[in-house]
Amino acid sequence: MMKKRITLKHIANQFDVSIATVSKALSDSYEISTKTKDKIQQYAKEHHYQPNSVALSLLNKKTKTIGVIIPNIMNNFFAKVFVGIEEKATENGYSLISCISNESHEKELKTMELLKNGTLDGFILSLAEETQAKGQYLHLKNAINEGVPMVMFDRVTDEIKCDKVIVDDFEGARHATNHLIKTGCKRIALISVIDNLSVGKLRAKGYEEALAENDIEVDQKLIVKIGKREDFETAMKIVLADKSIDGLLCLEESSAVQSLEIVKHLNYNIPDDISIICFTNGKLPQYVSPKITTISQHGKYIGEVAAKMLIDRLEGNSETSFQTKVIKTSLIERESTKKIN
(Lines give C-alpha, C1' and ligand atoms only; values in the text may rest on other atoms or scores of the structure.)
Protein backbone atom coordinates (compact mmCIF):
# COMPACT_ATOMS: atom_id res chain seq x y z
CA MET A 1 0.00 0.00 0.00
CA MET A 2 1.36 3.42 -1.00
CA LYS A 3 2.17 5.68 1.94
CA LYS A 4 0.19 8.89 2.22
CA ARG A 5 2.24 12.02 1.62
CA ILE A 6 2.83 13.98 4.80
CA THR A 7 1.73 17.67 4.72
CA LEU A 8 2.28 20.85 6.73
CA LYS A 9 -1.25 20.43 8.11
CA HIS A 10 -0.47 16.90 9.30
CA ILE A 11 2.66 18.09 11.15
CA ALA A 12 0.75 21.07 12.61
CA ASN A 13 -1.95 18.72 14.00
CA GLN A 14 0.71 16.42 15.44
CA PHE A 15 2.19 19.22 17.57
CA ASP A 16 -1.00 21.26 17.99
CA VAL A 17 0.49 24.35 16.34
CA SER A 18 -0.43 26.45 13.31
CA ILE A 19 0.64 25.63 9.74
CA ALA A 20 2.57 28.93 9.71
CA THR A 21 4.55 27.80 12.78
CA VAL A 22 5.47 24.52 11.06
CA SER A 23 6.51 26.38 7.92
CA LYS A 24 8.71 28.74 9.94
CA ALA A 25 10.22 25.89 11.92
CA LEU A 26 11.14 24.01 8.76
CA SER A 27 12.64 27.23 7.38
CA ASP A 28 14.74 27.53 10.58
CA SER A 29 13.11 30.88 11.46
CA TYR A 30 14.42 32.77 14.50
CA GLU A 31 10.77 33.40 15.48
CA ILE A 32 10.37 29.78 16.62
CA SER A 33 12.04 28.39 19.76
CA THR A 34 14.93 25.98 19.28
CA LYS A 35 13.08 23.24 21.18
CA THR A 36 10.00 23.48 18.92
CA LYS A 37 12.11 23.71 15.77
CA ASP A 38 14.12 20.60 16.69
CA LYS A 39 10.96 18.55 17.37
CA ILE A 40 9.25 19.59 14.13
CA GLN A 41 12.36 19.20 11.97
CA GLN A 42 13.10 15.74 13.43
CA TYR A 43 9.51 14.60 12.84
CA ALA A 44 9.55 15.91 9.25
CA LYS A 45 12.84 14.11 8.58
CA GLU A 46 11.62 10.80 10.03
CA HIS A 47 8.45 10.94 7.93
CA HIS A 48 10.24 12.01 4.73
CA TYR A 49 8.40 15.32 4.44
CA GLN A 50 8.76 17.03 1.02
CA PRO A 51 7.65 20.66 0.59
CA ASN A 52 4.55 21.14 -1.59
CA SER A 53 5.45 23.98 -3.97
CA VAL A 54 1.78 24.93 -4.52
CA ALA A 55 1.04 25.08 -0.78
CA LEU A 56 4.14 27.16 -0.18
CA SER A 57 3.21 29.48 -3.01
CA LEU A 58 -0.20 30.08 -1.44
CA LEU A 59 1.50 30.96 1.83
CA ASN A 60 3.99 33.24 0.10
CA LYS A 61 1.49 34.63 -2.45
CA LYS A 62 3.99 33.67 -5.19
CA THR A 63 4.32 30.59 -7.35
CA LYS A 64 7.65 31.34 -9.05
CA THR A 65 5.92 30.30 -12.28
CA ILE A 66 5.66 32.34 -15.48
CA GLY A 67 3.25 31.76 -18.37
CA VAL A 68 4.68 32.11 -21.88
CA ILE A 69 2.41 32.40 -24.94
CA ILE A 70 4.13 32.12 -28.32
CA PRO A 71 2.25 32.50 -31.63
CA ASN A 72 4.17 29.98 -33.72
CA ILE A 73 6.71 27.47 -32.41
CA MET A 74 7.71 26.46 -35.98
CA ASN A 75 9.14 29.95 -36.43
CA ASN A 76 12.84 29.80 -35.58
CA PHE A 77 12.78 33.31 -34.11
CA PHE A 78 10.17 32.39 -31.48
CA ALA A 79 12.01 29.17 -30.66
CA LYS A 80 15.16 31.23 -29.95
CA VAL A 81 13.18 33.70 -27.82
CA PHE A 82 11.79 30.83 -25.77
CA VAL A 83 15.30 29.47 -25.14
CA GLY A 84 16.33 32.90 -23.81
CA ILE A 85 13.25 33.11 -21.57
CA GLU A 86 13.82 29.60 -20.21
CA GLU A 87 17.50 30.19 -19.41
CA LYS A 88 16.88 33.49 -17.59
CA ALA A 89 13.86 32.09 -15.71
CA THR A 90 15.78 28.99 -14.55
CA GLU A 91 18.71 31.16 -13.48
CA ASN A 92 16.34 33.06 -11.18
CA GLY A 93 14.50 30.03 -9.80
CA TYR A 94 11.33 30.37 -11.93
CA SER A 95 9.46 27.65 -13.79
CA LEU A 96 7.59 28.11 -17.09
CA ILE A 97 4.23 27.02 -18.43
CA SER A 98 4.39 27.49 -22.20
CA CYS A 99 1.51 27.57 -24.68
CA ILE A 100 1.17 28.19 -28.41
CA SER A 101 -1.63 30.38 -29.76
CA ASN A 102 -1.02 29.10 -33.31
CA GLU A 103 -1.79 32.63 -34.60
CA SER A 104 -5.41 32.29 -33.34
CA HIS A 105 -7.10 35.10 -31.39
CA GLU A 106 -9.56 32.69 -29.75
CA LYS A 107 -6.82 30.30 -28.67
CA GLU A 108 -4.74 33.18 -27.28
CA LEU A 109 -7.79 34.43 -25.33
CA LYS A 110 -8.69 30.99 -23.93
CA THR A 111 -5.07 30.19 -23.08
CA MET A 112 -4.67 33.44 -21.19
CA GLU A 113 -7.89 32.87 -19.23
CA LEU A 114 -6.86 29.32 -18.36
CA LEU A 115 -3.37 30.29 -17.21
CA LYS A 116 -4.50 33.45 -15.46
CA ASN A 117 -6.88 31.44 -13.26
CA GLY A 118 -4.10 29.06 -12.31
CA THR A 119 -1.04 29.58 -10.16
CA LEU A 120 1.01 32.04 -12.19
CA ASP A 121 2.93 35.15 -11.22
CA GLY A 122 2.92 36.81 -14.66
CA PHE A 123 3.01 36.49 -18.45
CA ILE A 124 5.40 36.89 -21.35
CA LEU A 125 3.72 36.86 -24.75
CA SER A 126 3.85 37.85 -28.41
CA LEU A 127 0.52 38.59 -30.10
CA ALA A 128 -1.14 36.14 -32.45
CA GLU A 129 -1.51 37.30 -36.06
CA GLU A 130 -5.30 37.12 -35.79
CA THR A 131 -5.30 39.23 -32.62
CA GLN A 132 -3.39 42.00 -34.39
CA ALA A 133 -5.49 41.71 -37.55
CA LYS A 134 -8.73 42.04 -35.55
CA GLY A 135 -7.32 44.62 -33.13
CA GLN A 136 -9.08 42.85 -30.23
CA TYR A 137 -7.14 43.25 -27.00
CA LEU A 138 -9.85 43.09 -24.31
CA HIS A 139 -8.45 39.87 -22.80
CA LEU A 140 -5.10 41.60 -22.30
CA LYS A 141 -6.67 44.73 -20.84
CA ASN A 142 -8.65 42.58 -18.41
CA ALA A 143 -5.48 40.82 -17.27
CA ILE A 144 -3.73 44.16 -16.71
CA ASN A 145 -6.75 45.51 -14.81
CA GLU A 146 -6.68 42.42 -12.58
CA GLY A 147 -3.09 43.24 -11.65
CA VAL A 148 -1.41 40.47 -13.65
CA PRO A 149 2.16 41.55 -14.56
CA MET A 150 2.90 41.18 -18.27
CA VAL A 151 5.76 41.65 -20.73
CA MET A 152 5.02 41.71 -24.46
CA PHE A 153 7.74 41.07 -27.04
CA ASP A 154 8.16 41.53 -30.79
CA ARG A 155 4.47 41.77 -31.77
CA VAL A 156 3.07 44.39 -29.43
CA THR A 157 0.33 47.02 -29.34
CA ASP A 158 0.22 50.56 -27.98
CA GLU A 159 -3.24 49.80 -26.59
CA ILE A 160 -1.77 47.70 -23.77
CA LYS A 161 0.24 49.49 -21.10
CA CYS A 162 2.93 47.09 -19.91
CA ASP A 163 6.66 46.40 -20.23
CA LYS A 164 7.72 45.54 -23.79
CA VAL A 165 10.72 44.28 -25.73
CA ILE A 166 10.69 45.09 -29.43
CA VAL A 167 13.00 44.68 -32.40
CA ASP A 168 13.96 47.78 -34.37
CA ASP A 169 12.17 46.39 -37.43
CA PHE A 170 12.01 49.75 -39.19
CA GLU A 171 15.75 50.30 -38.96
CA GLY A 172 16.50 46.67 -39.84
CA ALA A 173 14.55 46.91 -43.11
CA ARG A 174 15.97 50.35 -43.87
CA HIS A 175 19.53 49.11 -43.39
CA ALA A 176 18.92 45.97 -45.49
CA THR A 177 17.40 47.98 -48.35
CA ASN A 178 20.29 50.43 -48.26
CA HIS A 179 22.69 47.48 -48.39
CA LEU A 180 21.00 46.16 -51.55
CA ILE A 181 21.20 49.63 -53.12
CA LYS A 182 24.89 49.94 -52.25
CA THR A 183 25.58 46.62 -53.99
CA GLY A 184 24.04 48.01 -57.18
CA CYS A 185 20.36 46.99 -56.96
CA LYS A 186 18.00 49.54 -58.53
CA ARG A 187 14.62 47.75 -58.60
CA ILE A 188 14.00 46.10 -55.24
CA ALA A 189 10.77 44.22 -54.57
CA LEU A 190 9.45 43.81 -51.05
CA ILE A 191 7.87 40.38 -50.39
CA SER A 192 5.49 40.27 -47.41
CA VAL A 193 3.38 37.40 -46.12
CA ILE A 194 2.99 39.19 -42.75
CA ASP A 195 1.18 42.39 -43.74
CA ASN A 196 -1.35 41.85 -40.91
CA LEU A 197 1.38 42.13 -38.30
CA SER A 198 2.80 45.27 -36.70
CA VAL A 199 6.32 44.04 -37.50
CA GLY A 200 5.43 43.61 -41.18
CA LYS A 201 4.14 47.17 -41.40
CA LEU A 202 7.26 48.57 -39.70
CA ARG A 203 9.57 46.66 -42.05
CA ALA A 204 7.66 47.95 -45.08
CA LYS A 205 8.05 51.52 -43.79
CA GLY A 206 11.81 50.98 -43.36
CA TYR A 207 12.04 49.75 -46.95
CA GLU A 208 10.19 52.82 -48.23
CA GLU A 209 12.36 55.14 -46.14
CA ALA A 210 15.56 53.70 -47.64
CA LEU A 211 14.22 54.18 -51.17
CA ALA A 212 13.34 57.81 -50.39
CA GLU A 213 16.82 58.43 -48.95
CA ASN A 214 18.30 57.25 -52.25
CA ASP A 215 15.87 59.25 -54.43
CA ILE A 216 14.22 56.07 -55.69
CA GLU A 217 10.49 56.39 -56.24
CA VAL A 218 8.33 53.85 -54.38
CA ASP A 219 6.66 51.60 -56.97
CA GLN A 220 3.56 50.02 -55.42
CA LYS A 221 3.80 47.16 -57.94
CA LEU A 222 7.04 46.15 -56.23
CA ILE A 223 5.40 45.94 -52.78
CA VAL A 224 4.08 42.39 -52.96
CA LYS A 225 1.67 41.28 -50.22
CA ILE A 226 0.80 37.58 -50.43
CA GLY A 227 -2.04 36.28 -48.27
CA LYS A 228 -2.18 32.84 -46.66
CA ARG A 229 -4.81 31.62 -49.11
CA GLU A 230 -2.88 32.77 -52.17
CA ASP A 231 -0.54 30.48 -54.07
CA PHE A 232 2.92 31.83 -53.27
CA GLU A 233 4.66 30.35 -56.32
CA THR A 234 2.10 31.74 -58.76
CA ALA A 235 2.23 35.20 -57.15
CA MET A 236 6.04 35.25 -57.27
CA LYS A 237 6.20 34.15 -60.91
CA ILE A 238 3.90 37.05 -61.79
CA VAL A 239 6.18 39.44 -59.87
CA LEU A 240 9.35 38.08 -61.47
CA ALA A 241 7.88 38.50 -64.93
CA ASP A 242 9.24 42.03 -64.46
CA LYS A 243 12.79 41.31 -65.61
CA SER A 244 14.03 44.64 -64.27
CA ILE A 245 13.74 43.47 -60.63
CA ASP A 246 17.25 42.91 -59.29
CA GLY A 247 16.67 42.67 -55.54
CA LEU A 248 14.24 40.99 -53.11
CA LEU A 249 13.69 42.02 -49.49
CA CYS A 250 11.67 39.19 -47.90
CA LEU A 251 10.09 40.05 -44.56
CA GLU A 252 10.50 36.55 -43.09
CA GLU A 253 12.63 33.54 -43.90
CA SER A 254 10.18 30.98 -45.34
CA SER A 255 9.19 33.36 -48.14
CA ALA A 256 12.89 33.98 -48.84
CA VAL A 257 13.65 30.26 -49.17
CA GLN A 258 10.65 29.76 -51.46
CA SER A 259 11.63 32.81 -53.52
CA LEU A 260 15.19 31.54 -53.85
CA GLU A 261 14.00 28.24 -55.33
CA ILE A 262 11.64 30.01 -57.76
CA VAL A 263 14.37 32.42 -58.87
CA LYS A 264 16.76 29.51 -59.46
CA HIS A 265 14.07 27.63 -61.40
CA LEU A 266 13.64 30.67 -63.65
CA ASN A 267 17.39 30.46 -64.38
CA TYR A 268 18.33 33.73 -62.68
CA ASN A 269 21.86 33.90 -61.36
CA ILE A 270 22.09 34.77 -57.65
CA PRO A 271 23.36 37.34 -56.71
CA ASP A 272 24.43 38.70 -60.12
CA ASP A 273 20.91 38.88 -61.57
CA ILE A 274 18.89 39.08 -58.34
CA SER A 275 20.06 39.60 -54.75
CA ILE A 276 18.02 38.39 -51.75
CA ILE A 277 17.89 39.48 -48.10
CA CYS A 278 15.43 38.22 -45.49
CA PHE A 279 14.45 38.78 -41.88
CA THR A 280 15.12 36.22 -39.13
CA ASN A 281 18.43 34.43 -39.03
CA GLY A 282 17.13 30.88 -38.64
CA LYS A 283 18.53 27.57 -39.87
CA LEU A 284 16.84 27.55 -43.29
CA PRO A 285 18.69 30.51 -44.86
CA GLN A 286 22.02 29.01 -43.77
CA TYR A 287 21.49 25.60 -45.38
CA VAL A 288 20.10 26.47 -48.81
CA SER A 289 22.32 27.17 -51.80
CA PRO A 290 23.31 29.91 -52.15
CA LYS A 291 23.13 30.84 -48.47
CA ILE A 292 20.83 33.81 -47.84
CA THR A 293 21.93 37.13 -46.33
CA THR A 294 19.78 37.73 -43.26
CA ILE A 295 18.75 40.33 -40.72
CA SER A 296 19.31 38.85 -37.26
CA GLN A 297 16.84 39.94 -34.58
CA HIS A 298 18.81 38.32 -31.73
CA GLY A 299 15.88 36.20 -30.55
CA LYS A 300 17.61 34.52 -27.59
CA TYR A 301 18.69 37.90 -26.21
CA ILE A 302 15.14 39.23 -26.59
CA GLY A 303 13.91 36.28 -24.51
CA GLU A 304 16.51 36.96 -21.81
CA VAL A 305 15.58 40.66 -21.66
CA ALA A 306 11.83 39.92 -21.53
CA ALA A 307 12.26 37.38 -18.71
CA LYS A 308 14.49 39.75 -16.71
CA MET A 309 11.98 42.60 -17.11
CA LEU A 310 9.15 40.44 -15.77
CA ILE A 311 11.18 38.96 -12.91
CA ASP A 312 12.36 42.45 -11.90
CA ARG A 313 8.72 43.59 -11.94
CA LEU A 314 7.62 40.58 -9.85
CA GLU A 315 10.38 41.06 -7.29
CA GLY A 316 9.97 44.82 -6.99
CA ASN A 317 13.28 45.67 -8.65
CA SER A 318 11.90 47.65 -11.61
CA GLU A 319 10.86 51.24 -12.12
CA THR A 320 7.22 52.10 -11.41
CA SER A 321 6.63 53.27 -15.00
CA PHE A 322 6.55 50.73 -17.83
CA GLN A 323 9.54 50.45 -20.15
CA THR A 324 9.93 49.56 -23.81
CA LYS A 325 13.36 48.17 -24.70
CA VAL A 326 14.39 48.28 -28.36
CA ILE A 327 16.79 45.61 -29.67
CA LYS A 328 18.90 46.54 -32.70
CA THR A 329 19.23 44.11 -35.61
CA SER A 330 22.41 42.92 -37.36
CA LEU A 331 22.96 42.21 -41.06
CA ILE A 332 24.67 38.87 -41.68
CA GLU A 333 26.11 38.81 -45.20
CA ARG A 334 26.11 35.53 -47.11
CA GLU A 335 26.12 34.40 -50.74
CA SER A 336 22.76 35.81 -51.88
CA THR A 337 24.02 39.42 -52.04
CA LYS A 338 26.91 41.03 -53.87
CA LYS A 339 29.82 42.62 -52.06
CA ILE A 340 29.88 46.40 -51.79
CA ASN A 341 32.60 47.78 -54.06
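Right above here is the structure, for reference.
Scoring rules and cut-offs
- Residues numbered from 1 in each chain as written.
- Predicted model: local features only at pLDDT ≥ 70, side-chain atom pairs only at ≥ 80, totals over all residues.
- Heavy atoms only, no water.
- Helix = DSSP H or I, 4+ residues; strand = E, 2+ residues; numbered from the N terminus.
- Polar contact = N/O pair within 3.5 Å; in protein donor to acceptor, adjacent residues only side chain to side chain.
- Contact = heavy atoms within 4.5 Å.
- Expected span 1.5 Å × (residues − 1).
- Buried < 20%, exposed > 50% of the residue type's maximum accessible area, 1.4 Å probe, protein only.
- Phe/Tyr/Trp six-rings, centres within 6.5 Å; stacked < 30°, edge-to-face > 60°.
- Lys NZ or Arg CZ within 6 Å of the ring centre and 35° of its normal.
- Pairing = 2+ DSSP bridges.
- Axes fitted to C-alpha atoms, helices over the stretch in contact; angles between N-to-C directions.

Quick look at the side chain of Arg 334
Then, number 1: Tracing the sequence through the fold places Arg 334 in the segment after β12 (330–332).
Then, number 2: Here the side chain of Arg 334 touches Ile 292 through a polar contact of 2.9 Å, landing on its backbone oxygen.
Then, number 3: At 3.1 Å, the side chain of Arg 334 and the side chain of Thr 294 are in polar contact.
Then, number 4: Setting aside residues no more than four positions away along its own chain, Arg 334 makes contact with Asn 281, Pro 285, Gln 286, Lys 291, Ile 292, Thr 293 and Thr 294.

Topic: helix α9 (residues 169–182)
Then, number 1: Over its 14 residues, α9 runs 20 Å from end to end, which matches the ideal 20 Å to within 8%, given 1.5 Å per residue.
Then, number 2: Buried within α9 we find Asp 169, Gly 172, Ala 173, Ala 176, Thr 177, Asn 178, His 179, Leu 180 and Ile 181.
Then, number 3: Phi turns positive, to about 110°, at Gly 184, one or two residues after α9.

Describing the packing of aromatic side chains
Then, number 1: A complete count under the given rule lists three aromatic pairs for this structure.
Then, number 2: Counting every residue linked through ring pairs, the aromatic cluster contains Phe 77, Phe 78 and Phe 153.
Then, number 3: Over the face of the ring belonging to Phe 279 we find Arg 203, whose NZ or CZ atom lies 4.1 Å from the ring centre.

Section: the sheet that holds strand β11 (residues 324–327)
Then, number 1: Taken in spatial order, the six strands make up an open sheet running β2-β1-β3-β4-β5-β11, and their pairing is parallel. Either end of the sheet is taken by a strand with one partner, and the two such strands are β2 (95–100) and β11. The average angle at which neighbouring strand axes cross in this sheet is 15°, direction not considered.

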